[in-house]
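Residues per chain, in single letters:
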Amino acid sequence: QVQLVESGGGLVQAGGSLRLSCAASGRTFSSYAMGWFRQAPGKEREFVVAISWSGGSTYYADSVKGRFTISRDNAKNTVYLQMNSLKPEDTAVYYCAAGGDYVIWDYWGQGTQVTVSS
């Protein structure tokens with residue numbers, strides 16, 4: 001069992017930066033791939049980025065490539081999402097997830113709101 005808690009969301013102006021954190025409880029954190037997803041009002045949840053259990057592989061949605069960076073610290077059971085050059089269209093609730101592969105995500109956090117003003 002893995003519990004995930006996101007933090008770091010907030011209100012930022014376009015062009016600004018935020019760093020999201022996702023703290024995980026459970027001894028098996030390092031065995032899971034981790035991902036970030038987001039859901040904007042009136043839209044379906046969408047994939048943003050994922051990282052392998054070792055941190056050696058990362059996968060980005062085209063919409064965030066070059067602006068967002070995912071990383072993880074297995075010693076701290078934490079995954080991070082550094083978001084730079086934020087745009088109003090990045091406004092959404094951001095969720096972190098843990099899974100055994102990149103298709104089925106077994107555990108989800110409660111989400112953190114990111115609002116980018118123009």
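Right, let's walk through the structure included here.

## Considering the nonpolar core
Within soluble globular proteins, side chains that are nonpolar tend to cluster in buried spots.
(1) Moving on: Core analysis: the largest hydrophobic core is formed by 29 residues, its most contacted members being Leu4, Met34, Trp36, Phe68, Leu81, Met83 and Tyr94.
(2) Moving on: Listing elements by their share of this core, those giving two or more residues are strand 3 (18–25), strand 4 (33–39), strand 5 (46–51), strand 7 (68–73), strand 8 (78–83), strand 9 (92–99) and strand 11 (112–117).
(3) Moving on: Not counting residues up to four positions away in its chain, the partners in contact with Phe68 are Arg38, Val48, Tyr60, Leu81, Gln82, Met83, Asn84, Leu86, Asp90 and Tyr94.

## Description of a nonpolar patch on the surface
(1) Moving on: Taken together, Phe47, Tyr59 and Tyr102 make up a surface patch of nonpolar side chains, about 280 Å² in accessible area.
(2) Moving on: For Tyr59, the location among the structural elements is in strand 6 (residues 58–60).
(3) Moving on: What makes Tyr59 partly exposed here is its relative accessible area of 40%.

## Section: the environment of Tyr80
(1) Moving on: By the element assignment, Tyr80 lies in strand 8.
(2) Moving on: Separated by 21 residues in the primary sequence, Tyr80 and Tyr59 have C-alpha atoms spaced 14 Å apart.
(3) Moving on: Ignoring sequence-local partners within four residues, the contact set of Tyr80 consists of Arg19, Leu20, Ser21, Trp36, Thr69, Ile70, Ser71 and Asp73.

## Structural notes on the pattern of salt bridges
As a working rule, side chains carrying opposite charge can pair if their charged atoms are close by.
(1) Moving on: On inspection of all chains with the given rule, the structure shows four salt bridges.
(2) Moving on: Salt-bridge contacts for Arg38 lead to Glu46; the nearest nitrogen and oxygen are separated by 2.6 Å.
(3) Moving on: Residues participating in the shared-partner salt-bridge network are Arg38, Glu46, Arg67 and Asp90.

## Let's talk about the layout of surface pockets
(1) Moving on: Estimated volume of the largest pocket: approximately 160 Å³.
(2) Moving on: Partitioned by chemical class, the residues of the lining of the largest pocket number two nonpolar, three polar and eight charged.

## Points about the sheet that holds strand 3
To summarise the sheet geometry, strands pair through backbone hydrogen bonds and adopt either a parallel or an antiparallel arrangement.
(1) Moving on: Here four strands make up an open sheet; going across it, the order is 1-3-8-7 and the pairing antiparallel. Unpaired on one side and paired on the other, strand 1 (3–7) and strand 7 mark the two borders of the sheet. Geometrically, the sheet is characterised by an average inter-axis angle of 15 degrees between neighbouring strands, direction not taken into account.
(2) Moving on: As defined by bridge partners, strand 1 adjoins strand 3 across five bridges and the pair is classed as antiparallel. Residue Glu6 lies in a different strand from strand 3, and its bridge partner there is Cys22.

Calculation rules
- Residues numbered from 1 in each chain as written.
- Predicted model: local features only at pLDDT ≥ 70, side-chain atom pairs only at ≥ 80, totals over all residues.
- Heavy atoms only, no water.
- Core = buried A, V, L, I, M, F, W, Y, C linked by side-chain atoms within 4.5 Å.
- Buried < 20%, exposed > 50% of the residue type's maximum accessible area, 1.4 Å probe, protein only.
- Helix = DSSP H or I, 4+ residues; strand = E, 2+ residues; numbered from the N terminus.
- Contact = heavy atoms within 4.5 Å.
- Patch = residues over 30% accessible without salt bridge, like charges linked within 9 Å, V, L, I, M, F, W, Y side chains within 5 Å.
- Areas by Shrake-Rupley, 256 points an atom, 1.4 Å probe, with all protein chains shown as cover.
- Salt bridge = Lys/Arg side-chain N within 4 Å of Asp/Glu carboxyl O.
- 1 Å grid on protein atoms, 1.4 Å probe; cavity = no way out; pocket = protein on both sides within 12 Å on 5 of 7 lines; lining within 4 Å.
- Points joined across faces, edges and corners; volume = space filled by probe spheres on them.
- Nonpolar A, V, L, I, M, F, W, Y, C, P; charged D, E, K, R; others polar.
- Pairing = 2+ DSSP bridges.
- Axes fitted to C-alpha atoms, helices over the stretch in contact; angles between N-to-C directions.

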